[in-house]
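Commentary on secondary and tertiary structure
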Amino acid sequence: MPGIDKLPIEETLEDSPQTRSLLGVFEEDTAATSSYFSQLFKAMQRIYDAQNELSAATHLTSRLLKDYEKQRFPLGGDDEVMSSTLQQFAKVIDELSSCHAVLSTQLADAMMFPITQFQERDLREIVILKEVFQIASDEHDAAVNRYSRLSKRRENEKVKNEVMEDVYTSRKKQHETIMQYFASLNMLQYKKKMALLEPLLGYMQAQISFFKLGSENLTQQWEEFLTNIGTSVQNVRREMDSDAEATEQTIQDLKAASDPLYMPDPDPNKIPVNRNLTRKAGYLNTRYKTSLVSSAWDRQYFFTQGGNLMSQSRGDVAGGLVMDIDNCSVMAVDCDDRRFCFQITSFNGKKAVILQAESRKDCEEWIATINNISKRIYLSENPEEIAARVNQSALEAVTPSPSFQQRHDSFRPSTQGRSGSQCSAGSESPALSSLSLDSLVAPDTPIQFDIISPVSEEHTSQAKSGAQGRTNPFGESGGSKSEESEDSILHQLYIVRFLGCMEVKATESTDVIYETMRQILAARAIHNIFRMTESHLLVTCECLKLIDPQTQVTRLWFPLSSVVLCASHQENKRLLGFVLKTAGGRMDGRPVTVCYVFESNNDGEKICDSVGLAKQIALHSEMDRKATQKQRDLDKAKEKQQEELHKQKQIEKDLEEQSRLIATSSRPSQSAADGQFLVLSNSQSEDSEAGEEGQKKGESNA
């Protein structure tokens, strides 16, 4: 027979939500078993009560056996051996249903008795044990609540001893009850198989013995089959007896070993505090506000998972996030006149949780565990590997190694520790083998861990003299750009934390960003720098802004054109870096390239994609602007050409008019010689007067 699914009796004392969920599965299986056996019992009862309807009742039994594989049992639903066995039984019963007649006595002894015993004794016992377990669990919860409300200011030894004795008694009662309940549920898996097979076996044997049709209807093959089934039932019974003895021994051993653990506040000399834990789980009381001035406490199951504190109530399928305990602070506090309380505060101080442990040992272990988790730095490597190489990282951060590849290999995780990681920031590539460390990062470059506004003295004096707008190291003013950014097509806001920045050399490959991330994270690990400045990163088509989330003041402002490279870490996607080229930041005035490293709540690739999209939009806008400007220049050139053409036509028209006037003036000169007078027009007289005045001025000057 295949293996039997069992409830873990060893975990009954902890009584975790996972154990309760598994218990619920067994209880559902018990309900399904009771429903199925109820139908099977009715079918066999019809065979026993009415011999005239024997054929129909046998056919119904055969049909129920055929439908066994369609039943959805939470436990043992895929028992192919049982399904195939029942299918063979159904086939035999269907063949014998037409000529069967059953003697009441034989059916009562061989068929009805086992299934009746299973329903009235075994299933009823499970129902009673379930009710007793529920009562014991409620009494234990009530005793624990009374114990949790003990005052440490007005401590009464008599009351304390009574409450502790009550907790001890209720916990012991609950533990013994749940162990007995679990053992009965485990035994039910065996009894279910026997209660299903034994009536069928007795039914077949009664048919063979009564009708003497074994030689006609049952061949040697069916006899061997029935013999094998009988042997299997005996084997299951022996296995059940053996398992029952082992379970009883386990219960006795657990009783002896768990007796000191029944006390809510054990003696620390007998059970010392373990301060080296990195994972812990257990029940805690958490305080929550019910109104502005009042609060209440709720008992939940808490556990740590990675860098998060999770909680789970009874009946929940999975736990929920309480808070992120990376870089958090934890300490013991006095709260609501309750003992063993401690408070966890997030790294930014915006969220705090007050919890109450069951004992001083439990409280100290929780504080030590959260401190151990909070002090760990989650990089792209395992924390144990980082701790093993912290000295080597310190030397490498100060003294450059001969080549970048050797330095990367020394800091890269071992393949045994991270066999599943195929793509890491330190993976070998042909491009890296030819690069040296000095070609990526400037030597003797300090690392800046805080955001300092890169404003020179000249710009500061301008700001003091009343200049509007914030200057930056890129030689541009932030005032006009900020006004332009308000009209920008793209506005993306992300929450980032500044890790550090340093000057770099190479800008051709993203390897310089990975190397800068490695140096900054190694320096933070060496110097125990855990605090980070949180800002809002605004990405527009003109610039990148770092804005203070509290005051909405711009901390840093980068023109988008200065962003040379942008990439996220290949393993830790929350890390990203920008390589920016300034207008001039050294004594010689040459451009300076700086790499800024941030940690984001989102995927770093999304931020890099936003920056790339902003640069594309800016490029298309610039191309459209140039095309518009070019069209304007062409229009101006055409207008100027039209003006020149118009002037040329006007000049030609004036020349023609002058030629006509000259020709007209030459004809009156001949008539004047004959004694006639010439009358000049106004324009001709004015020209002549102007000519005489010019002649007089020339003579006076001479």
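This text follows the structure it describes.
In short, a report on the structure. Note that this is a predicted model, so its numbers are computed, not measured. (Residues numbered from 1 in each chain as written. Predicted model: local features only at pLDDT ≥ 70, side-chain atom pairs only at ≥ 80, totals over all residues. Heavy atoms only, no water.)

Now for the environment of Leu96. Note that Leu96 resides in helix H3 (residues 80-96). Along the sequence, Leu96 and Thr58 sit 38 residues apart, while their C-alpha atoms lie 8.3 Å from each other. (Helix = DSSP H or I, 4+ residues; strand = E, 2+ residues; numbered from the N terminus.)

A few words now on the pairing of strand S3 (residues 308-312). In terms of burial, S3 is largely enclosed, as 4 of its 5 residues are buried. In this sheet, S3 lies alongside strand S2 (residues 295-305) in antiparallel orientation, the contact comprising 5 bridges. Within S3, the position partnered with Gln305 by the bridge is Asn308. The sheet contact formed by S3 and strand S4 (residues 320-324) spans 4 bridges and is antiparallel. For Met310, the partnering residue across the bridge sits in S4 and is Leu321. (Buried < 20%, exposed > 50% of the residue type's maximum accessible area, 1.4 Å probe, protein only. Pairing = 2+ DSSP bridges.)

Notably, Phe340 is not glycine yet its phi reads approximately 60°, a positive angle. Residue placement: Phe340 occurs in strand S6 (residues 338-345).

Attention shifts here to the sheet that holds strand S9 (residues 533-540). Sheet architecture is open: 7 strands sit in the order S11-S10-S9-S8-S14-S13-S12, paired in antiparallel fashion. The sheet is open, and its two edges are formed by strand S11 (554-559) and strand S12 (563-568), each paired on a single side. Adjacent strand axes in the sheet meet at a mean angle of 30°, parallel and antiparallel pairs treated alike. Most of the contacts of helix H15 (residues 511-527) go to strand S8 (residues 491-504), to which it runs at about 80°, and overall it touches S8, S12, strand S13 (575-581) and strand S14 (593-600). (Axes fitted to C-alpha atoms, helices over the stretch in contact; angles between N-to-C directions. Contact = heavy atoms within 4.5 Å.)

What follows concerns the sheet that holds S6. In spatial order, the strands read S4-S3-S2-S1-S7-S6-S5; together these 7 strands make up an open sheet with antiparallel pairing. The outermost strands of the open sheet, each flanked by one partner alone, are S4 and strand S5 (329-335). Across this sheet, the average inter-strand angle for adjacent strands is 40°, counted without regard to direction. Bridging between S6 and strand S7 (residues 352-356) involves 5 bridges; their strand directions are antiparallel. When the bridges of S7 are listed, Cys341 appears paired with Gln356. Relative to S6, helix H4 (residues 104-148) is tilted by about 85°, and along the sheet it contacts strand S1 (281-289), S2, S6 and S7.

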